[in-house]
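Breakdown of the fold
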Amino acid sequence: MCVASHHIHGPCNLQKHAGGNELGLIGSSQRIQYHHMPPPRNARGIPTSLGYSWLSEPRHAVFREPCMSIRLRWSFSFFDRFAALLLALVLCLIVGIGLLLLHTSNQQNEASIKAEEVLVQAMLDESRRQLASSITEYAVWDDMYQRVGGKQRPDLDWFDSSTTETLYSKLNIDLMLLSEAEGPVFRLMLKGQWHKPAEFDLGRQPDWQRFLRDTLALAPGEVLARDLVWDKHVYWVVAQRVQSQTQPEADSSRVLLFARCVDQARLSDILAAQRLQDLVLVAGARPDAANVVTTRLTKPLYASWTPTLSGSAFLRAIIQPAMWLVVMVLLICYALLRNARSYHRALLAVGRRQDGQRAATVALVELVYSHRQSEDGIDEDFWRLFAGILAQTLQGRRFSLVLYGEHAPEQVIFDVVVPADRAIDGMDIVGVPLARRAELARDFVLMHHDVFPRASAAIMRDGRLVGELIAERGGRLGWQQDEGNFLVSAAALAALSLEASSRRGIEYALHRHVHFDPLTGLSSALRLSQELDSLRHSWSGMVVVAVLRLEGLEDVNLLLGREGGDRLLVELADRLLDLLEEDELVARSGGKRFDLLLHAAAPERVQARLAAMVDALMAPYQLGEHAYRPQCRIGATHCPAEALGVARLQEATLALDQAYHSKESVVWFGEHLRASTERRLALAQAMRQAVAQGGLTLAYQPFVDARTGKPVGAEVLLRWTHAELGPISPVEFIPIAEETGLIVELGEWVLDTALRQLSSWQQTLPVRLKLAINLSPRQLTDANLAARLLAILQGHDVDSSQLEFEVTEGLALDDSPEISANLSTLQAARVNIAIDDFGTGYATFSYLRRYQVEKIKLDKQFIDDLQNEASRLLVRSMITMGKGLGASVTAEGVEQAQQWQLLREMGCDYIQGYYFSRPLPADAFALRIAELLERADGTVPPAQPVPAKG
């Protein structure tokens, strides 16, 4: 661009001496260095001179900050210590995991040995039991008793034919005797072969003889078992008196004895299925093997074998992969630390640069402050110092400040080259082309990356672009975003100095900044409060104070960025101004809040006007390629003009809060809102105390099997009786708990208390009950809800299938991942999920398909109207569709026998309502359950008279 310049212009460096105000030229091969010195001040504390010293230093232009290098060195040292600590922690973690694996392996080995010993002992015990059961089949037998069991001479031929060698081959009986306690031995079979009875001399075997006497002393049918030694072999021995099946009291002195030899071969045969390694029979337990006692003698024999060590096998299997994993973890940690160090260095470089920018901004602010009393907006000394600070901070080679002219040529305020490595005499300043000035006014800064990278910051005045601050660099060093932001701040300070050409310039800018919203140009909250006091005297008649809030601004910011949200606010402000009548006022008092003062000659007209205003503001806004229709709500109050004040704004704010909760577009203030707000705050405080002091109780309402009337569970209901206000309805205090966040603590208390009661009922009631507990949407949005609830469940002796959580149907419209994760986790733990108030929500059956709930609960409003044919058809279809999707159905609010009968015919699974029982305390509930169980035949009478509706 061609410019007319008569101010600081040329390839020169500047020097301002600390001792005076003279400015002169210094060598062109030198660069400027800036030192901050406290400016001298007069008696009123105002700087009398700038107090900055410009010194020359070859080849450097550094904005010195002594504390910065110390901070950087400390940061690097801290990072190195942190990296060493992190590596040490990783190594400790690896060593700890190794020790944990070794400890786990040893524990697993011990558990494996113990398991094998228990299994072998069980098999040996089973072999003993089989021996005892085998003898009963022979000893308790009518034919056996008649042939060999009486006092007559035994029929030994019959006995021989009935007890063949199959006893040895099939029943594994190594020794069989038929004898009397004092002798003689009638028959002896050893290893399947008949031997002479004389070979077994009872007179020389006192233990065996005593054993036979003890057997005869037993009651009929009893079997005696012992471990005895014969012929240097240990036997498991069982004996039983020979007796009749039909006449067990008949006398008999004959005893049948079976014995199984405990030797290596028999032990291997019994434990063959286990394939035990190195199985031997030893007199003492081996310390390095698994051992099981096989005999109950004074000196027992042990079955000993080499066990399977699963822990050692597991350790051997994972040792090589674990070593590779350790190497990989160390390599990853090294790579991450190295990358973090590089990133840390980059951040420190940015921090050093930004610290310099902040210090320079302070210097510029002090410079502008010292210049505030100057009448000349183009003070040569001031702009020389201003350009010097920019040069030291941004490390540029040329800085220019240009003001645009509407009719006259553009005016150059300053143009400085540092260092003077090229002549600029006769060279034009390259600014932003005319075609791009609108872009500069919108974005405030433009950066050009060409041969000499340039950055241009907008000089704005009253929202108009009046000039630009240009910084140019040599070489390939480009511009960073933070440098552009600093240049914008410097341009704003330059604009402020230009606007302060008169003593009132700065005061006007500050006044406008305080009293007007910089985005929309509307009055600020401060100006509105001042206007309320003045309008109290200038207005007459009735007035309306209204507060408007825009909803959905966050969505626009997320979709279109902050610029899109700003455009929406500006357009909404323009519409508001178009809707106002003469002398009325609108102010922006918050991010998305607007306050209005309106005339109210006729109340009916004002109400219609506010409704029309909402409709006009909710008309679509075109934001680029997107059309957006916001939601607006208004809270309003009317009063005489002389009653205007901040209190009216507070009343309108209360009405706005009510509009938010009631989802109405316009709500007018009334004293009931104030009372409602005060009661809500009082109840919130009292509820916190009730939770802490145990002032809440639980009630239980049973639900029964629809076919039999047998109770199967109960819904848990929270009750609160205030010390002064009496019983508080859950409809009132549950929303307060959700608003204050107290619902989370309440829900956990309800679950813990109900499970403790259910555990007690399991010991006292003859029926297994299920508890249904409500979960609010506020609880389900907590990502850790499921984990906390399951932790509470694990603290009680209650199966998870006895617990059922009821959720509202409105959750079908919420795609929150936290809700889905919580419900999935609870269902994975076998906790049932039910839909409460089914049929009153939005996306009913899509909700069933998404979460695969186990139960739906039909709302009472459908049950009350069952006499109507259309209602019956609706209820029947809901039951059929619910069951088709795999859910059971509970009907709530059943109060009449006819309703129960109709629901039972429709296939409803469970019934709940006053017909069976009101919600009761725990003690009364247990008594009512007992009554219902006594009459669980499908004819249960009402628990008590049903209260009248309403």
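Residues numbered from 1 in each chain as written. Predicted model: local features only at pLDDT ≥ 70, side-chain atom pairs only at ≥ 80, totals over all residues. Heavy atoms only, no water.

Going by the annotation in an unreviewed UniProt entry, the name recorded for the protein is EAL domain-containing protein, with Chitinimonas arctica given as the source organism.

Pairing in this open sheet of six strands is antiparallel, and the strands run β8-β7-β6-β11-β10-β9 from one edge to the other. Of all strands in the sheet, those with a lone pairing partner are β8 (193-195) and β9 (224-230), marking the two edges. Pairs of neighbouring strands in the sheet enclose a mean axial angle of 25 degrees, with direction left out of account. Bridge count between strand β6 (residues 175-180) and strand β7 (residues 185-190): five bridges; the pairing is antiparallel. Paired with L175 across the strands is L190, a residue of β7. Against the sheet, helix α5 (residues 206-216) makes contact with β6, β9, β10 (233-241) and β11 (254-261), and its axis sits at roughly 165 degrees relative to β9, the strand it touches most. (Pairing = 2+ DSSP bridges. Helix = DSSP H or I, 4+ residues; strand = E, 2+ residues; numbered from the N terminus. Axes fitted to C-alpha atoms, helices over the stretch in contact; angles between N-to-C directions. Contact = heavy atoms within 4.5 Å.)

Here we come to the environment of N774. Locating N774 in the fold gives a position in strand β30 (residues 770-774). Taking relative accessible area as the criterion, N774 reaches 33% and is therefore assigned partly exposed. Spatially, the C-alpha atoms of N774 and G747 are 8.3 Å apart, while their sequence positions differ by 27 residues. The contact partners of N774, leaving out residues within four places of it in the chain, are E715, V716, Q779, E806 and D836. One polar contact links N774 to E715, side chain to side chain, over a distance of 3.2 Å. (Buried < 20%, exposed > 50% of the residue type's maximum accessible area, 1.4 Å probe, protein only. Polar contact = N/O pair within 3.5 Å; in protein donor to acceptor, adjacent residues only side chain to side chain.)

Moving on, we come to the pattern of salt bridges. In total, this model carries 38 salt bridges according to the counting rule given. Across the pair R187 and D160 runs a salt bridge whose closest N-O atoms are separated by 2.7 Å. You can see R187 sitting in strand β7 and its partner D160 sitting in helix α3 (residues 156-162), a full 27 residues away along the chain. Look at R187 and you get buried, because its relative accessible area is 17%. A salt bridge links E806 to K857, with the nearest nitrogen and oxygen atoms 2.6 Å apart. (Salt bridge = Lys/Arg side-chain N within 4 Å of Asp/Glu carboxyl O.)

If you look at the biggest cluster of nonpolar residues, it comprises 81 residues, and the most contacted ones within it are Y700, W720, W761, F805, L858, L903 and I911. Broken down by element, the residue count for this core peaks at nine residues, all from helix α18 (residues 743-764). Counting residues in each nonpolar core, the second largest holds 36 residues, with F159, A250, I270 and L279 among its members. (Core = buried A, V, L, I, M, F, W, Y, C linked by side-chain atoms within 4.5 Å.)

Here the focus is the packing of helix α7 (residues 310-370) against helix α8 (residues 380-394). It is at 10 Å that the axes of α7 and α8 come closest, and there the two elements cross at 175 degrees. Here α7 lies roughly antiparallel to α8, going by the angle between them. Note on element contacts: α8 touches α7 through F382, L385, F386, I389, L390 and T393, opposite G356, Q357, A360, A363, L364, L367 and V368. (Parallel < 35°, antiparallel > 145°, perpendicular 65-115°, else oblique.)

Where two aromatic rings form a pair, the distance of their centres and the angle of their planes describe that pair. Applying the stated criterion across every chain yields a total of 18 aromatic pairs. Centroid distance W230 to Y235: 6.5 Å. Interplanar angle 45 degrees. Geometry classified as tilted. Exposure remark for W230: the relative accessible area of 9% places this residue in the buried category. Ring geometry for W900 versus Y915: centroids 5.9 Å apart, planes at 50 degrees, classification tilted. One end of the pair, W900, is in helix α25 (residues 897-906); the other, Y915, is in the loop between β35 (910-912) and α26 (922-934), with 15 residues separating them in the sequence. The exposure class assigned to W900 is buried, which follows from its relative accessible area of 3%. Taken together, the ring pairs connect F200, W208, W230 and Y235 into an aromatic cluster. Across the ring face of W479, the terminal group of R473 is positioned such that the distance to the ring centre comes to 4.0 Å. (Phe/Tyr/Trp six-rings, centres within 6.5 Å; stacked < 30°, edge-to-face > 60°. Lys NZ or Arg CZ within 6 Å of the ring centre and 35° of its normal.)

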